[in-house]
Amino acid sequence: MSKNQIVIFDTTLRDGEQSPGCSMNLEEKLRMAQQLAHLKVDVIEAGFPIASPGDFDAVQAIAKEVKGPVICGLARANKKDIERCAHAIEPAKKKRIHTFISSSDIHLKYQLKKSREEVLEHAKAAVKQAKKWTDDVEFSAMDATRSDWDYLRQMFQVAIDHGATTLNIPDTVGYTIPSEFYELVSYLNAQLKGLKGVNLSVHCHNDLGLAVANSLAAIEAGATQVECTVNGIGERAGNCSLEEIVMALHVRQDQLNRQTKIKKDQIYPASKLLSSITGISVQPNKAIVGENAFAHESGIHQDGVLKNKLTYEIMTPATVGISKNKIVMGKHSGRHAFREKLKELGYPLTGDDFQTVFEEFILLADVKKEVYDEDIIALVDTRIHEEQRFELEAIQVSSGNFAVPAATVSVLDNGELKKAAAFGDGPVDAAFQAIKEITGFNGVLKKFVVNAITGGTDAQGGVFVTIEDQGRVVRATGSHTDIVVASAQAFIAAINRIAFYNRSDDRPEKLI
Ligand SMILES: [Zn+2]
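Definitions and limits used
- Residues numbered from 1 in each chain as written.
- Predicted model: local features only at pLDDT ≥ 70, side-chain atom pairs only at ≥ 80, totals over all residues.
- Heavy atoms only, no water.
- Pairing = 2+ DSSP bridges.
- Helix = DSSP H or I, 4+ residues; strand = E, 2+ residues; numbered from the N terminus.
- Axes fitted to C-alpha atoms, helices over the stretch in contact; angles between N-to-C directions.
- Salt bridge = Lys/Arg side-chain N within 4 Å of Asp/Glu carboxyl O.
- Buried < 20%, exposed > 50% of the residue type's maximum accessible area, 1.4 Å probe, protein only.
- Patch = residues over 30% accessible without salt bridge, like charges linked within 9 Å, V, L, I, M, F, W, Y side chains within 5 Å.
- Areas by Shrake-Rupley, 256 points an atom, 1.4 Å probe, with all protein chains shown as cover.
- Core = buried A, V, L, I, M, F, W, Y, C linked by side-chain atoms within 4.5 Å.
- Contact = heavy atoms within 4.5 Å.
- Parallel < 35°, antiparallel > 145°, perpendicular 65-115°, else oblique.
- Left-handed = near helix turned anticlockwise from the far one by under 90°.
- Nonpolar A, V, L, I, M, F, W, Y, C, P; charged D, E, K, R; others polar.
- Phe/Tyr/Trp six-rings, centres within 6.5 Å; stacked < 30°, edge-to-face > 60°.
- Expected span 1.5 Å × (residues − 1).
- Arc of directions from axis to C-beta.

Chemist: I tried to follow the sheet that holds strand β13 (residues 461-469) on my own but got confused; where do I start?
Modeler: Pairing between the strands of a sheet comes from backbone hydrogen bonds, and it takes one of two forms, parallel or antiparallel. Taken in spatial order, the three strands make up an open sheet running β12-β13-β14, and their pairing is antiparallel. Looking at which strands have only one partner, the edges of the open sheet turn out to be β12 (444-452) and β14 (472-480). Taken over all neighbouring pairs, the strand axes of this sheet differ in orientation by 15° on average, direction set aside. The sheet contact formed by β13 and β14 spans nine bridges and is antiparallel. Bridge pairing in β14 places Gly461 opposite His480.

In structure tokens, the structure reads:
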């Protein structure tokens, strides 16, 4: 690999997924992982296999099915974690074990309750252990930026000496600033022996809004790998955002002289896919992928852009894969074209899944004149879910300014038809009351948001709901040209997720 090449290590499915509201099930993780492969990230951190059977299965499925990137699993510095991780990533062609232990005195004293010497022994044993399973071993010193520099150097030296091929310097608590981080990475780069062939990596959190800036500073100081996530999701304020770091490196190549292998026109589809899976949209002014990122509202700017794009635009929307209102499909599009389109959007559906979505698409194409990418993503989202216990069969509502809103709903509960009718404050509320009665859902509706997914009065309505049940919060989406139907779909999808997540074990403490 050229020395100007930056390794993009994506942790959307690990650090990102462990953040509130971003839980994904196996099928969703797999779908996201396929899109990351299209994006051509170098490494996918697919999960933390010891955390739960669900995490293990997801990492294993990704290792089996996703081709291209290195598949990585996370493991604490102990034998059990490392073995579990090794088994999960086993099917992958290229596999990495990422093991970690804390290096800061505050973590040693209060979290690990071990001496510096003891922790060095654990680090050494962990790297040796991981090395038995794969050559590609990454070692992280958790809370590196608040650690004693000399101790940190010692710990990394132990890791190199025992075969670690990537050394990761996490700013676990999002505390560092660019000038300081530059110094730290430069120091390690200069002091560590045997760094040839070893990647120096950084993992920055965004608590002070500096994750991307810190990662860039680290690159200038010699870091060769960046850990990042799509849309910058992750613990607390999130991680370094993949789209921002990649585009900063691309647009300012003149200054930074580094490249990535990222297929930039897959950036926007990846961002949209993640938002549609988690139900969490990025803020409109989010760099690169936000709704306003390329919108020129000021007259002077608009005039300039019309005369020459470069007057106010440092990159074009098309570079990152934004194709506003591009007509993609109509009702005459055949199965083959539709299959190709799905693949392009990151949904390589097969068998019954494909058939169901294709039939839905034909129906939609009949109702709408033009079908956009966003419509197709919305369709797939509604249709494809893991073991759905409940499925909306039929819904009818009556409402208006003279009637008491009422709903009659039929739901299949594991195939068995159940019906209920209820009144409510409005048609959506009435529908939800009926669904609650059928499903026995006792939790709370925390949030309810309606968006037009595409423009016009024939637009599909996208509904996002957030519900909470016994402390567990999930989000789900539904979409339909009828807003009440979309709402019912979203609500039922959320209830299905609660049922799904309630089956998995609790996760251990949150990590790096
Ligand atoms: Zn992290």
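Chemist: It is not clear to me how the pattern of salt bridges should be interpreted in this structure. Could you clarify?
Modeler: Any two side chains of opposite charge can pair, so long as their charged atoms come close to each other. Evaluated as defined, the whole model comprises 22 salt bridges. With a shortest N-O distance of 2.9 Å, Arg76 and Asp81 are connected by a salt bridge. Among the residues examined, Arg76 registers a relative accessible area of 23% and is labelled partly exposed. Through salt bridges with shared partners, one network takes in Arg14, Asp15 and Glu45.

Chemist: I would appreciate a short explanation of a nonpolar patch on the surface in the present structure.
Modeler: A surface patch of nonpolar side chains, about 290 Å² in accessible area, is lined by Leu445, Phe448, Val450 and Ile483. In terms of residue count, β12 provides more of the nonpolar patch than any other element does, three residues in total. Residue position: Val450 is located in strand β12. With a relative accessible area of 40%, Val450 lands in the partly exposed category.

Chemist: What is the right way to read the nonpolar core from this model?
Modeler: As a rule of thumb, soluble globular proteins bury nonpolar side chains together. Counting residues in hydrophobic clusters, the biggest one holds 110 residues, and the most contacted among them are Phe139, Leu167, Ile169 and Ile245. Aside from chain neighbours lying at most four places away, what touches Ile169 is Ala144, Phe156, Phe181, Leu184, Val185, Leu188, Leu200, Ser201, Val202 and His203. Judged by nonpolar contacts, the second largest core, of 29 residues, contains Ala431, Phe432, Ile435 and Ile438.

Chemist: Honestly, the packing of helix α9 (residues 211-220) against helix α10 (residues 242-251) in this entry has me stumped. Any pointers?
Modeler: Two quantities define a packed helix pair, namely the angle between the helix axes and the distance between the axes. Contact geometry of α9 with α10 gives a least axis separation of 10 Å together with a crossing angle of 45°. For the element pair α9 / α10, the angle class is oblique. Every pair of crossing elements has a handedness; the one defined by α9 and α10 is right-handed. Along its contact with α9, which presents Val212, Ser215, Leu216 and Ile219, the element α10 presents Glu244, Ile245, Ala248 and Leu249. Grouping the amino acids of the contact of α9 with α10 by side-chain chemistry returns six nonpolar, one polar and one charged.

Chemist: I keep staring at the side chain of Gln157 and nothing clicks. Help me out?
Modeler: In this structure, Gln157 sits in helix α7 (residues 149-161). Look past the residues within four positions of Gln157 in its chain and what remains in contact with it is Gln191, Leu192 and Lys193.

Chemist: Quick question: what am I supposed to make of the packing of aromatic side chains here?
Modeler: How two aromatic rings sit relative to each other is given by the distance of their centres and the angle of their planes. Per the counting criterion, the structure on display carries ten aromatic pairs. With a centroid separation of 6.2 Å and an interplanar angle of 85°, the aromatic rings of Phe139 and Phe156 are classed as edge-to-face. Linking Phe139 in strand β5 (residues 137-142) with Phe156 in helix α7, this pair joins segments that are 17 residues apart in sequence. The pair formed by Phe139 and Phe156 is uniform in burial state, with each residue classed as buried. Aromatic side chains Phe338 and Phe361 sit 4.4 Å apart centroid to centroid with 15° between the ring planes, which places their arrangement in the stacked category. Placement of Phe338 in helix α14 (residues 335-344) and of Phe361 in helix α15 (residues 351-367) is noted, with a sequence separation of 23 residues between them.

Chemist: It is not clear to me how helix α8 (residues 178-191) should be interpreted in this structure. Could you clarify?
Modeler: In an α-helix, one turn spans 3.6 residues; hence positions three or four apart end up facing the same way. Between its first and last C-alpha, α8 extends 20 Å over 14 residues, near the 20 Å set by a 1.5 Å rise per residue. If you check which residues of α8 are buried, you get Phe181, Leu184, Val185 and Leu188. Taken around the axis of α8, the buried residues stretch over an arc of 90°, which confines them to a single face. Looking at the buried residues of α8, the elements they touch are α7, β6 (166-171), β7 (199-204) and α9.

Chemist: I keep staring at the environment of Tyr347 and nothing clicks. Help me out?
Modeler: Tracing the backbone through its elements, the reader meets Tyr347 in the loop between α14 and α15. Judged by its relative accessible area of 0%, Tyr347 falls in the buried class. Taking the C-alpha atoms as reference points, Tyr347 and Met32, 315 residues apart in sequence, are found 8.7 Å from one another. Aside from chain neighbours lying at most four places away, what touches Tyr347 is Arg31, Leu273, Ser276, Leu342, Ile377, Val380 and Asp381.

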